[in-house]
Amino acid sequence: MILNKLKEEMKNKPSGEYCPNYFRCKGYEKSRESDPSKIRADGIAALFTCPAPYIYKNDLIVGSIRPFYTVLSENEKKKVAEYMLKYPERNFFQGFDHFAPDYFTAVKLGIPGLIESINESVKNHKDDEKAVIFLQSMKTTLCALIKKFEAYADKANGLKGKDGYDDNRLSKIAENCIALTKSAPQSFEQGLQLVWMLHNCFVSEGRYAMALGRIDRYLYPLFEKDIKSGLIDEDYATQLISNAFLKICESRYNGADDVVNICIGGVDEEGNCSVNGLSYCVLHAVADVNMPGPNLSARITEDTPDDFLDGCLKVIGTGLGYPALMNDGVNRAALLRKGYEQKDVNDFCMVGCIENFITGKQPPWSDGRFDPICFLEDIIVNNGAAYLDGIGSMDEFMALYTQKLSKGAEDYVKRIHAMSYVPEPEKHTSPFLSCFCDCCIERGRDINCGGAKYPSVHGAVLMGIGTVSDCLSAIEKTVFIDKTVKLSEIAEAIKHNYEGFDGLRQTLKAAPKYGNNDEFADKYAVWYTSTLSDMFDRYKTLDGGAIYTAMAANISNIYAGRDLLATPDGRLAGRPLSDAASPTYGCDERGVTSTLLSVSKPDYTRCACGTVVNQKFSPSAFDDGRREKLLKLIRVYFARGGQEIQINSTSREVLQDAMENPDKYPTLVVRVSGFSAIYVTLAKEVQEDILSRTQQSL
Amino acid sequence: MTELNVSSIQRFSVGDGPGIRTTVFLKGCNLRCPWCHNPECVSPETQTLCYKNTDKKTVSGKTMTVDEIIEDVMEDVDFYRESGGGVTLSGGEPLLQSKGAKELSKGLKERGVTTLIDTAGCVPWENFGDVTDFADEYYFDIKTADEKLYKDVIKGDKALIFGNLKRLIELNKNVVVRIPLIPGFNMSEIDCENICEELNDIGVKRVDLLPFHRLGSSKYEALGLTYAYKDVLPPDKAAVGRIKEIYDKYFITNIE
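Conventions used here
- Residues numbered from 1 in each chain as written.
- Chains lettered and ligands numbered in written order.
- Predicted model: local features only at pLDDT ≥ 70, side-chain atom pairs only at ≥ 80, totals over all residues.
- Heavy atoms only, no water.
- Domains from an automatic or database assignment.
- Contact = heavy atoms within 4.5 Å.
- Buried area = accessible area lost by both parts, 1.4 Å probe.
- Salt bridge = Lys/Arg side-chain N within 4 Å of Asp/Glu carboxyl O.
- Polar contact = N/O pair within 3.5 Å; in protein donor to acceptor, adjacent residues only side chain to side chain.
- Helix = DSSP H or I, 4+ residues; strand = E, 2+ residues; numbered from the N terminus.
- Nonpolar A, V, L, I, M, F, W, Y, C, P; charged D, E, K, R; others polar.
- Phe/Tyr/Trp six-rings, centres within 6.5 Å; stacked < 30°, edge-to-face > 60°.
- Buried < 20%, exposed > 50% of the residue type's maximum accessible area, 1.4 Å probe, protein only.

Trainee: Help me out: how do you make sense of the domain arrangement of chain A in this one?
Mentor: Think of interface size as the accessible area that goes away when the parts come together; that is how it is often given. All names here are of chain A. What the domain assignment reports for chain A is domain 1 (214-361 + 613-649), domain 2 (366-421 + 431-611) and domain 3 (652-698). Between domain 1 and domain 2, the C-alpha centre-to-centre distance is 28 Å. Across the contact, 29 residues belong to domain 1 and 34 residues belong to domain 2. At the boundary of domain 1 with domain 2, total buried surface from both sides reaches about 2700 Å², with 56% on carbon and sulfur atoms. When the area that domain 1 buries against domain 2 is broken down by residue, the three leading residues are Lys338, Lys361 and Val613, summing to 22%. Summed over the shared surface of domain 1 and domain 2, the result is 5 salt bridges. Across the pair Arg337 and Asp603 runs a salt bridge, and its minimum N-O distance is 3.6 Å. Scanning the region where domain 1 abuts domain 2 turns up 15 residue pairs in polar contact (both at pLDDT 80 or more).

Trainee: Before we go on, may I ask you to explain the interface of chain A and chain B in this structure?
Mentor: On the side of chain B, 37 residues touch chain A, which itself brings 34 residues to the contact. Taking both sides of the interface into account, the surface hidden between chain A and chain B amounts to around 3300 Å²; carbon and sulfur atoms contribute 56%. Inspection of the region where chain A meets chain B yields 5 salt bridges. Of the charged contacts, one joins A:Lys632 and B:Glu82 as a salt bridge, the two residues approaching to 3.8 Å between their closest N and O atoms. Linking chain A with chain B are 11 residue pairs in polar contact (both at pLDDT 80 or more), by the criterion used here. Secondary-structure elements contributing two or more residues to the side of chain A that touches chain B are helix H27 (592-599), helix H28 (627-639), strand E14 (669-672), strand E15 (675-678) and helix H30 (684-697) of chain A. Broken down by class, the residue content of the side of chain A that touches chain B amounts to 15 nonpolar, 8 polar and 11 charged.

Trainee: For this particular structure, what's the right way to read the packing of aromatic side chains?
Mentor: Think of a pair of aromatic rings as described by two things: how far the centres are apart, and how the planes are tilted against each other in angle. A complete count under the given rule lists 36 aromatic pairs over all chains for this structure. Look at A:Tyr637 and A:Phe638: their rings are 5.5 Å apart centre to centre, the planes differ by 35°, and that puts the pair in the tilted class. Accessibility assignment for this pair places A:Tyr637 and A:Phe638 in one class, buried. Taken together, a centroid distance of 4.0 Å and an interplanar angle of 10° make the contact between B:Tyr220 and B:Tyr227 stacked.

Right under this line is the structure:
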């Protein structure tokens, strides 16, 4: 199979070092322009035109990062650094990457069409010199892209007859590349080629986590046409897609792991379910690639066909863990609250891991970590016994905590404002990126300077909902209800990391925990979500956009925990916090249905950025007779207002890891009829039995 | 208020009947199958399981009123409705507590939730009579067709068990016979043929085969008991496949 051959080819690491900026600086060096955007455009043009194209023997869709590898002398390196200092890029907080380009318009108009739009806009702005100059710089980059396609076509033709290359495929590549210099894509293959090359361009600019977005929407008209005419079938389309997606993993050459979000499913402009034949091809292509990098998200609505959701579960069950399942109703409601137009909300996708994004209509996104647990710790650790034991009720305690959080949110936003401030925005423009964001061409403005239809947004990633809820539950239960513990005692125990306080620690651990469908603890998760969202709703980004909240810790819950003292839930110092929107590891003891009942209690229409709930199932849960139960589980969870679920099949690797590190998997359940067991309690040889069962079912 | 002696309540039990189910494991059993995977459900006495390789301790045995159990299992009602699931009573032998099982299945029926009874069937027919108006489905475990093996190894009464199965089928109840495939006990061709013929005569239509596994061994250890099947390996796929072919001749057969 061609994909496997391409995988083999890609194992060959390029020589030299990855330095696209070297080529960009050639443009800066030669530029005779004085306007910063125009100089920048000359740099980008050089970036697109100077590196020699690279075509893999098994490429169907071209566009590789290999051309950006080069051998540099120390002198050249110094020069590159100097130029990059002279023409600095924005950073993550200033709207640099994490963006979903408007591929819909790009595919509809093609590069020549986009250039045409720019020409139109120049006419409309004839009295606005600044706009005309910026439009001219945008055009410069697109013209360079045309040259890049021409160079790839030449390269393809030049490789004909060379060992290992297929002349027919090379002809097709050359034909597609040339066609894209002349008009909008006329076939699915050309559409995909255009999008993949654009993605390659953004990557070469140094942008990370650039989403491919709703590929089953913007390529669907071409797909449908070609399928109908018999030009392609689903298998070939899948092959083309996987051929492009596999090259996302090229970033490993330079020790990076790009996160390219791809979104399937969801609804059309009018809000009707938009799952189509291409959605399935994308799903299967990601499964075929079978490597992390193409980060697949599936938007699931009430009327998403069971067959599609089941297809997603099958792919998850291979051990890949993708796609992440997104509850469309909740996400759209959350975005609507932020004032976007309905049709734009319907077209949202995700960037990075899970972050909701209005496709091609707002500047690149940023986020930061907000640790509510620190403020709880602050109250307990930095006050004397008299003060602590003078707190008379849980309400009083919550009022204090809320006050601290409120101040914390204010400080956080100040910090974010400082970090996202760009003193001379006109020197930090993105003429190429702006071509792919709605309104930039029409307004003749940069994406970060009023060109984008909507202002920038920022996501405050709230850490440790499980840890905070468990702490508050433990404090309420032991200090204010049972009155068996004093707050000052908890403070002492925390300062000593519970050493010598084992009895107290057990008492605290015995209090109700989030994730067991127990109102006592769950009410704090509900409070946490709405209170913190209220707090951040008070603030705006510098250009007037929303500050979203998210619960998507990724692995930062581990780092956040490392710097923290012990906590009132009995957690020891340095241990991880609860992850994302999930309950604390091992504390959701009643089983997955209870966990999901708890986790769906908070109002996630407040978390416009998105949340993550991780759940692991043994591979047998994905068997043909069983998978439907998993599907129904998700349907109920979503109907109750859960926002997201990321399911992992406990692969052989995980089961093996759990044998070595039982602490990491306290609640990993293995199920057989009439029986289930906590995996880590099993004897080694029995764990081996399960491993061999797992192998059989794969 | 009727009470039940509960070992544990397990949610999202996907191997214990149709749809998403909550399984209520009742404590106490009158059989002594040496391969049993739920040793903590055999004695009616409360027991503590102390797992060796983690510091985990669990208690098996808790008296709960029917109302308490109903409140607990009804939390998952949305999952039952969406998936066609419900509650499974297992154990141990749930029909040793048939009065409580009756109240529980009756209460669930009133709330529109189905009950499946997972029984080994070695109880007086009256115990079945308690639940037949309320239970919706039965998993009926059959271990062998050999009267002597039933008596000597399992300490059960074959005539009583097969008689109960026959009456359930005559009453047109929804019954699936479940047969554990135990190496050295009931896996020879002749064992299988004998079981098949007898079940076929009674009118059994559906059979689930449950290949032996030793996942219960850590529970024996945690209870301080010796597990006779500790070193017995699970049957391989090919052997199970061959047995399925025999059963396929008689029944709609499924491997769990």
